[in-house]
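The chain contents come next:
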Amino acid sequence: MNVLISNAYAQTAAAGPMDGVMQFLPIILMFVALYFFMIRPQQKKAKEHRALLEALGKGDEVLMQSGIMGRITKVAEDFVTVEIAEKVEIQVQKPAIAAVLPKGTLKNI
């Protein structure tokens, strides 16, 4: 019975089944964009690198992630022996190889 304060009434909620989905739509779209711009290209690159490592063979000229270039002399399951200079060989893990160089690259350097 207070004259200065009016009564507040709650609005009726017109919540339909689509309101919940529309509320999460921006988050869903962000995850879709994240998948297509970050996750999918990274998976593709990893798949290509695995194929490169499986195709390594004796005599291939390679560039390692450290920047060292050399010729493969021996291939094992997890390790590769690389000749980096005449009669100088090092053993590295296969994932340390970044790229396979075209034949004759080492002679041109």
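Residues numbered from 1 in each chain as written. Predicted model: local features only at pLDDT ≥ 70, side-chain atom pairs only at ≥ 80, totals over all residues. Heavy atoms only, no water.

**Details of the overall build of the protein chain**
Across its full length, the protein chain carries 2 helices and 5 strands. Taken from the N to the C terminus, the helices and strands of the protein chain come in the order α-β-β-β-β-β-α. Rg of the C-alpha trace for the protein chain: 30 Å, well past the compact-globule value of 13 Å for 109 residues, more than 25% over. Principal axes of the C-alpha set define a box for the protein chain whose edges measure 100 × 30 × 30 Å. The burial tally for the protein chain puts 15% of its 109 residues in the buried class. A fraction of 41% describes how many contacts in the protein chain between residues 6 or more apart in sequence connect residues 24 or more apart. (Helix = DSSP H or I, 4+ residues; strand = E, 2+ residues; numbered from the N terminus. Rg over C-alpha atoms; globule rule 2.2 N^0.38 Å. Buried < 20%, exposed > 50% of the residue type's maximum accessible area, 1.4 Å probe, protein only. Contact = heavy atoms within 4.5 Å.)

**Here's the deal with the pairing of strand β1 (residues 61-64)**
Summarising the sheet, β1 and strand β2 (residues 69-75) pair through 3 bridges and their orientation is antiparallel. Bridge pairing in β2 places Val62 opposite Gly70. Hairpin connection from β1 to β2: 4 residues lie between these consecutive antiparallel strands, with Gly67 at a positive phi of about 100°. In this structure, β1 lies alongside strand β5 (residues 97-101), joined through 4 bridges in antiparallel fashion. (Pairing = 2+ DSSP bridges.)

**Observations regarding the environment of Ala85**
With respect to the helices, strands and loops of the structure, Ala85 is situated in strand β3 (residues 79-85). For Ala85 and Asp60, which are 25 residues apart along the polypeptide, the C-alpha to C-alpha distance reads 14 Å.

**Thoughts on the nonpolar core**
Side chains that are nonpolar tend, in soluble globular proteins, to be buried together. If you look at the biggest cluster of nonpolar residues, it comprises 9 residues: Leu53, Leu56, Val62, Met64, Ile72, Val80, Val82, Val92 and Ile97. Going through the elements one at a time, β1 and β3 are the ones with two or more residues in this core. Apart from the residues lying within four places of it in its own chain, the contact partners of Leu56 are Val62, Ile72, Val75, Val80, Ile97 and Val100. (Core = buried A, V, L, I, M, F, W, Y, C linked by side-chain atoms within 4.5 Å.)

**Some remarks on the environment of Leu52**
Checked against the element boundaries, Leu52 lands in helix α1 (residues 17-54). Owing to a relative accessible area of 23%, Leu52 belongs among the partly exposed residues under this scheme. Residues Leu52 and Lys94, spaced 42 residues apart in sequence, show a C-alpha to C-alpha distance of 9.8 Å.

**Quick word on the sheet that holds β1**
The strand order across the open sheet formed by 5 strands is β4-β3-β2-β1-β5, and the pairing between neighbours is antiparallel. Edge positions in the sheet fall to β4 (88-93) and β5, since each has one partner strand and no second. Pairwise comparison of adjacent strand axes, ignoring direction, gives a mean angle of 45° for this sheet. (Axes fitted to C-alpha atoms, helices over the stretch in contact; angles between N-to-C directions.)

**Some remarks on the side chain of Thr81**
With respect to the element layout, Thr81 can be found in strand β3. Using a relative accessible area of 7% as the deciding quantity, one classes Thr81 as buried.

**A look at the pattern of salt bridges**
Tallying each qualifying case throughout the model produces 2 salt bridges. The partner of Asp60 in a salt bridge is Lys103, and the shortest N-O contact between them spans 3.4 Å. Taken together, the residues span a long stretch of sequence, with Asp60 in the loop between α1 and β1 and Lys103 in the loop between β5 and α2 (105-108) at a distance of 43 residues. With a shortest N-O distance of 2.8 Å, Glu61 and Arg71 are connected by a salt bridge. Separated by 10 residues along the polypeptide, Glu61 in strand β1 and Arg71 in strand β2 bring together distant segments of the chain. On the basis of relative accessibility, which here comes to 4%, the residue Glu61 falls in the buried class. (Salt bridge = Lys/Arg side-chain N within 4 Å of Asp/Glu carboxyl O.)

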